Amino acid sequence: MSRIAVAGTGYVGLVSGACLADFGNRVVCVDTNVEKIEALRNGKIPIFEPGLDDVVARNVAAGRLSFETGLAGAVRSSEVVFVAVGTPPADDGSADLQYVEAVAREIGRAMDGYKVVVDKSTVPVGTARKVRDWIAEELAARGVDIEFDVVSNPEFLREGSAVQDFTHPDRVVIGAEGERARGLMKEVYRALYLNETPYIETGLETAEMIKYAANAFLAVKITFINEVANLCEKVGADVQDVAKAMGRDGRIGSKFLHAGPGYGGSCFPKDTHAMAMIGRDYGEPMSIVETTIEANDRQKARMVEKIEAGMGGAGSLRGKTVAVLGLAFKPNTDDMREAPAIAICEGLAARGAKIRAWDPEAMKEAAWRLEGVKASLEFAADEYDALDGADALVLVTEWNQLRTLDLDRVKALMRTPAFFDLRNVYKRAEVEGKGFSYFGVGR
Ligand code: NAD
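Residues numbered from 1 in each chain as written. Predicted model: local features only at pLDDT ≥ 70, side-chain atom pairs only at ≥ 80, totals over all residues. Heavy atoms only, no water.

Trainee: Quick one: what's the story with the site of the ligand, residue by residue and with numbers?
Mentor: In the region of the ligand, 26 residues are neighbours, and Asp31, Lys36, Thr87, Glu159 and Lys270 sit closest. Glycine 8 has a polar backbone atom sitting 3.5 Å from a nitrogen atom of the ligand. Tyrosine 11 is positioned with one of its backbone polar atoms (N or O) 3.0 Å from an oxygen atom of the ligand. Look at the ligand: alone it shows 830 Å² of surface, and the protein chains cover 88% of it. Secondary-structure elements contributing two or more residues to the shell around the ligand are α1 (11–22) and α5 (98–110). Classifying every residue of the shell around the ligand gives nine nonpolar, ten polar and seven charged. Mapped onto the domain boundaries, the shell around the ligand takes at least three residues apiece from domain 1 (3–202) and domain 2 (217–439). (Near = heavy atom within 4 Å. Polar contact = N/O pair within 3.5 Å; in protein donor to acceptor, adjacent residues only side chain to side chain. Areas by Shrake-Rupley, 256 points an atom, 1.4 Å probe, with all protein chains shown as cover. Helix = DSSP H or I, 4+ residues; strand = E, 2+ residues; numbered from the N terminus. Nonpolar A, V, L, I, M, F, W, Y, C, P; charged D, E, K, R; others polar. Domains from an automatic or database assignment.)

Trainee: Which residues make up the packing of aromatic side chains, and what are the values?
Mentor: The description of an aromatic ring pair rests on the distance of the ring centres and on the angle between the ring planes. One pass over the full model with this rule turns up ten aromatic pairs. Aromatic pair phenylalanine 256 and phenylalanine 268: ring centres 6.1 Å apart, planes at 50°, arrangement tilted. In this pair, phenylalanine 256 sits in the loop between α11 (239–247) and α12 (268–281) while phenylalanine 268 sits in helix α12, placing the two residues twelve residues apart along the sequence. Judged by its relative accessible area of 29%, phenylalanine 256 falls in the partly exposed class. The positively charged end of arginine 171 is found above the aromatic ring belonging to phenylalanine 156, 3.6 Å away from the centroid. (Phe/Tyr/Trp six-rings, centres within 6.5 Å; stacked < 30°, edge-to-face > 60°. Buried < 20%, exposed > 50% of the residue type's maximum accessible area, 1.4 Å probe, protein only. Lys NZ or Arg CZ within 6 Å of the ring centre and 35° of its normal.)

Trainee: Which residues make up the pattern of salt bridges, and what values go with them?
Mentor: Counted according to the given criterion, the structure contains 35 salt bridges. For lysine 115, the salt bridge identified is with aspartate 112, shortest N-O distance 3.6 Å. Look at aspartate 112 and you get partly exposed, because its relative accessible area is 49%. Linking lysine 270 and aspartate 271 is a salt bridge whose minimum nitrogen-to-oxygen distance equals 2.9 Å. One connected set of salt bridges, linked through shared partners, spans Glu101, Arg105, Arg109, Glu137 and Glu138. (Salt bridge = Lys/Arg side-chain N within 4 Å of Asp/Glu carboxyl O.)

Trainee: Now, about the side chain of aspartate 119: what can you tell me, with residues and values included?
Mentor: By the element assignment, aspartate 119 lies in strand β5 (residues 115–119). Each residue touching aspartate 119, except ones within four places of it in the same chain, is listed here: Val83, Thr127, Ala128, Val131, Val150, Val151, Ser152, Asn153, Pro154 and Glu208. (Contact = heavy atoms within 4.5 Å.)

Trainee: Which residues make up the domain arrangement of the protein chain, and what are the values?
Mentor: For the protein chain, the assigned domains are domain 1 (3–202) and domain 2 (217–439). Taken over C-alpha atoms, the centre of domain 1 sits 34 Å from the centre of domain 2. Listed by partner, the interface residues are 17 residues for domain 1 and 16 residues for domain 2. For arginine 337, the salt bridge goes to glutamate 159, with nearest N and O atoms at 3.7 Å. Connecting domain 1 to domain 2 are six residue pairs in polar contact (both at pLDDT 80 or more). Here the residues of the side of domain 1 that touches domain 2 are counted per class, giving nine nonpolar, five polar and three charged.

Trainee: Let's hear about the state of the cysteines: which residues, and what values?
Mentor: Taken as a whole, this structure holds zero disulfides when the rule is applied. In this model cysteine 19 remains outside any disulfide bridge; the closest cysteine sulfur is found in cysteine 29, 10 Å from its own. Its relative accessible area of 0% is what places cysteine 19 among the buried residues. (Disulfide = S-S within 2.5 Å.)

Shown next as structure tokens:
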């Protein structure tokens, strides 16, 4: 059993804290957001993440998990302190480390004995050493000499299946220097370590690089199939079949080969930008990553062009009502950071369309993230309400309930039956058979 503090109680911090408690550790989760901590103390989970409520409730009841707004006490009562605060993109595309620095300095001001400080946030190569310097500066300012280690332990969980991913990871990566820190990290992850989860020990810089390289690679893979899809449209091929056949090749694999409106979310866009920036800083351009970023932006814009072309060409969207179904950046999350739906709604509004939008979980997020187009936007009560009187249906996020729409009911509700399936969920023949015009991506 380890005594752990987790700074930052967002998607990563809360899931990590709750699951580490479930592994038998004693965990204090800390956040500066007082409302979040109040909600958690009242048994409410501030984000939508399947299964997380049970893990939190179980571990709170067992006395292993608690929530605080102050970091100092949590640091003093723990031997391992996780840093899981946000690292959003700064204006120049690099990762903004202000929250990581604030936490590191706070740890330095509070610590009273040996600590392992664990970078769980996704941070540029070299950050672990910066964290060490920030803490050391605070210790020097206090005139005390306390031993500590910094560890890089990047997180690979996916929103929507975060609990399952954290408790059954493909691998645990620990970048550390020194046996004491390595030993303590094995204790923290004892439940996984004993379970023969691949446990990869590296140096600090390597662990930091692994996270960026993995995310950038996945972003490249998605973007590659999106470009193949665009070419398929021109040559009369079907990207679904191309991807299926490609994916059967064990060297390629079938995951992340689904053509669509471009990647979004809180990780791929910012991590690709940050990796490109690191490449530029070190004079080793990440040219494939740079191109991926551009191609992904084009893909989002292309979706709006596709809808306009499908509706009759330039000017055809003026005054039309477009039902946008699914707003979260992917199913099973309420997260809308960099969601393709944002760029698509902005593009539709700029062309004079009226938008009726709906998502099962992201409506609260959408209310402020789509603030820029609110004059053209109405939120619907459900998917069918969104379609009432619509001229076009645009399926952006493939929630399960949007995979099984009652097409007869949809057709009866819509003014003109134009179906833009940006996730290639439906079969063209079936949709056309019901009297719709059907537009997929790359088919
Ligand atoms: P988030 O925005 O959901 O949560 C960050 C939390 O940190 C917020 O609740 C914020 O109030 C809190 N915070 C900020 N400053 C603080 C401070 N000084 N002390 C205590 N709390 C503070 O972010 P997230 O999605 O959980 O991401 C966190 C990190 O993990 C990022 O670096 C991200 O790249 C990485 N990551 C995210 C995912 C994901 O799917 N979301 C997956 C892997 C890695």
